[in-house]
Each structure stands twice: as C-alpha cells, then as structure tokens.
Amino acid sequence: MKQRSLLDILPSSNSTSPLKTLKKTCARCTQCGLHKNRTKVVFGSGTLEADIMLIGEAPGQTEDKTGKPFTGKAGKLLDKMLASINLERGQIYLTNIIKCRPPNNRTPTEKEIETCRPYLLAQIEFINPKFIVLAGGSAYRGLTGKRKPISQVRGKWFKWHNSKCISIFHPAYLLRNPSLEKGSPKWLTWQDLISLKRKLNKLTTKLHQ
Ligand code: SF4
C-alpha cells in the first residue's frame with residue numbers, strides 16, 4: 001500500500017498549490033528542537049517543473065537569515081558548478097534534508113533527520129524530479145537511511161522511487177578543499193557533474209525524438 005504523505009493530508013481547499021501550503025505548515029513547524037533557535041525555516045526554492053532536485057544537509061547562517069537554501073559562499077560555488085554544465089539555479093529545485101539551522105552548523109541528528117523527513121518526501125513526491133543530486137553525506141543518509149562516507153558513495157548512480165540519484169561532495173566541503181588536481185574532491189565533483197549532464201542530455205534527446 002502507498003504510504004500517506006504530507007501532501008495527502010493537507011487541507012483540500014488548497015489543493016491547487018499543495019507545496020505552497022506545505023511551505024506555510026513548515027514555517028510554523030515545532031516538531032523538533034531546531035525550531036527554537038531558527039530565524040527562518042528554509043523550505044526550498046526553484047522551479048516546481050524541475051528535472052533536477054538538489055538536496056543539501058541543513059541551512060547555515062546565511063540561509064537561516066535569508067530563508068533561502070544555498071546562499072553565502074557555498075551557494076556561490078554551487079552556482080559556478082551549475083554554470084559549468086550550463087545550468088542555473090532557476091532551472092532546478094533546491095532544498096535541504098533539514099529545514100531549520102542546527103546550532104553552530106553541527107551535523108543534524110538521526111532524530112532530527114527522521115522528524116523533518118516527511119517534508120522532504122512530500123517535496124520529492126510533488127516535484128517528481130528525474131534526477132536527485134545529494135550534496136554531502138548527510139543528504140545521502142537523509143534520503144537513503146544509509147550511513148556511508150560520501151567519498152565512498154559519490155559518483156555512483158542509484159534509483160530511488162522515480163528518480164535517478166547521484167551523490168556529490170557538498171560545495172561547503174569543496175570550499176575547504178580547493179585543489180583541482182586529478183583525484184581531488186573538486187576534480188571528482190567535476191566528473192560527477194559531467195555524468196549528470198550526460199544523463200540530462202540523453203533525456204532531452206529522448207524527449208525530442
Ligand atoms: S527541522 Fe524540520 S522538523 Fe525540525 S522544526 Fe524545523 S521544519 Fe520542523
């Protein structure tokens with residue numbers, strides 16, 4: 001039996017825009033302790049028609065202030081990464097596993113990830129992306145429930161429901177590891193982005209045949 005998601009239980013009067021309603025619900029959420037110190041809930045941004053959904057770990061300081069995912073230095077690097085494969089953030093949908101900032105940017109706990117997960121699942125269900133890009137180990141763990149080092153899982157494609165998924169290093173990690181040498185995290189991320197671009201091109205070609 002299909003598991004009921006948040007989208008199923010939202011008020012039907014707002015059924016024309018369930019994600020908007022979900023965003024409003026999320027903005028008032030007090031389901032876990034992270035609500036106590038947040039400035040803004042960071043729900044997600046981008047086009048709802050996106051073929052690609054990029055999921056990070058959790059809001060940082062700038063995101064907490066702006067309410068938008070992937071702002072600040074890591075966001076700027078992400079924009080460059082997307083541009084390197086002819087994409088811009090307006091063409092994709094961006095969100096995080098966790099919607100409120102953990103104190104001092106600590107890693108979210110298992111319990112926080114689990115509590116916040118229904119929002120993520122509803123976002124994926126609504127957007128139904130062809131591709132999911134998981135930025136960082138927490139994003140991989142948050143979606144799959146598996147705890148594996150990002151260095152081990154990055155670049156490996158797997159299927160999750162309707163979406164093809166790939167994990168990459170988080171842009172914040174790449175900022176701390178700027179080397180472009182062959183085999184470095186940045187170099188490996190470039191290979192992963194090329195792999196994503198190839199799959200995207202294949203899909204576009206198929207759609208136009
Ligand atoms: S992190 Fe998620 S579950 Fe926790 S308060 Fe924020 S929105 Fe709610």
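As the structure is a prediction and not an experimental result, all values here were calculated from the model. One numbering rule holds for all chains: residues counted from 1, following each sequence as written. Totals for whole chains, interfaces and linings use all residues, but because this is a predicted model, local features are given only for residues with pLDDT of at least 70 and pairs of side-chain atoms are given and counted only at 80 or more. Side-chain measures here rest on the full set of heavy atoms in the structure, leaving out hydrogens and waters.

Participant: Got a sec to walk through the overall build of the chain? Specific residues and values, please.
Facilitator: Along the chain, the regular secondary structure elements total nine helices and six strands. For the chain, the C-alpha atoms occupy an extent of roughly 50 × 45 × 30 Å along the three principal directions. Relative accessible area decides the class of each residue, using a 1.4 Å probe on protein chains only: under 20% of the type maximum gives buried, over 50% gives exposed, and in between gives partly exposed. By the burial criterion, 46% of the 209 residues in the chain qualify as buried. For the chain, the proportion of contacts with a sequence separation of at least 24, taken over those separated by at least 6, is 71%. To measure how exposed things are, a 1.4 Å probe is used in the Shrake-Rupley method; for residues, cover is taken only from the protein chains shown. As displayed, the chain offers around 11,600 Å² of accessible surface, 51% of which is attributable to carbon and sulfur atoms. The way it works is that DSSP assigns letters per residue, a run of H or I at least four long becomes a helix, a run of E at least two long becomes a strand, and they are numbered from the N terminus. Two residues qualify as a contact provided that any one of their heavy atoms is within 4.5 Å of a heavy atom in the partner residue.

Participant: Just give me the short version of the site of the ligand, but keep the residues and values in it.
Facilitator: Only a single heavy atom is needed: when it lies within 4 Å of a molecule or strand, its residue is near that molecule or strand. Taken together, the neighbourhood of the ligand is formed by Cys 26, Cys 29, Gln 31, Cys 32, His 35, Arg 38, Ile 98, Lys 99, Cys 100, Thr 115, Cys 116 and Tyr 119. Sorting elements by how many residues they give to the shell around the ligand places helix α5 (residues 110-127) first, with three residues. Only Asp, Glu, Lys and Arg are considered charged in this grouping, and only Ala, Val, Leu, Ile, Met, Phe, Trp, Tyr, Cys and Pro are considered nonpolar; every other residue, Gly among them, is considered polar. Classifying every residue of the shell around the ligand by side-chain character gives seven nonpolar, three polar and two charged.

Participant: Quick rundown of the UniProt feature "domain: Uracil-DNA glycosylase-like" (unreviewed entry) in the chain? Include the residues and the values.
Facilitator: As recorded in UniProt, the feature "domain: Uracil-DNA glycosylase-like" (unreviewed entry) lies at residues 43-194. Along residues 43-194 the backbone is 42% helical and 16% strand, and the end-to-end C-alpha distance reaches 28 Å. UniProt positions are given in the numbering used here, feature names are shortened, and annotations may be inferred rather than shown by experiment.

Participant: Residues and numbers for a positive patch on the surface, please.
Facilitator: Residues Lys 159, Lys 164, Lys 202 and Lys 206 make up a contiguous surface patch of positive charge. Note that Lys 164 resides in strand β6 (residues 163-168). Residues with no salt bridge and a relative accessible area higher than 30% make up the patches, which join like charges within 9 Å and nonpolar side chains (Val, Leu, Ile, Met, Phe, Trp, Tyr) within 5 Å. Take a side-chain nitrogen of Lys or Arg and a carboxyl oxygen of Asp or Glu: if they are within 4 Å of each other, that pair is a salt bridge. Here Asp and Glu are counted as negative and Lys and Arg as positive; His is not counted, and neither are the chain ends. Lys charges are placed at NZ, Arg charges at CZ, Asp charges at CG and Glu charges at CD.

Participant: Provide a residue-level description of the pairing of strand β3 (residues 93-96), including the pertinent values.
Facilitator: By the alternation rule, side chains of β3 split into Tyr 93 and Thr 95 and Leu 94 and Asn 96, which are all buried. Only when DSSP finds a minimum of two bridges between them are two strands counted as paired. Of the pairings in the sheet, the one linking strand β1 (residues 45-46) to β3 comprises two bridges and is antiparallel in character. Looking at the pairing, Ser 45 lines up with Leu 94 of β3. Here strand β2 (residues 52-56) pairs with β3 via four bridges, running parallel. Each residue of the ladder has a partner; that of Met 53, found in β3, is Tyr 93.

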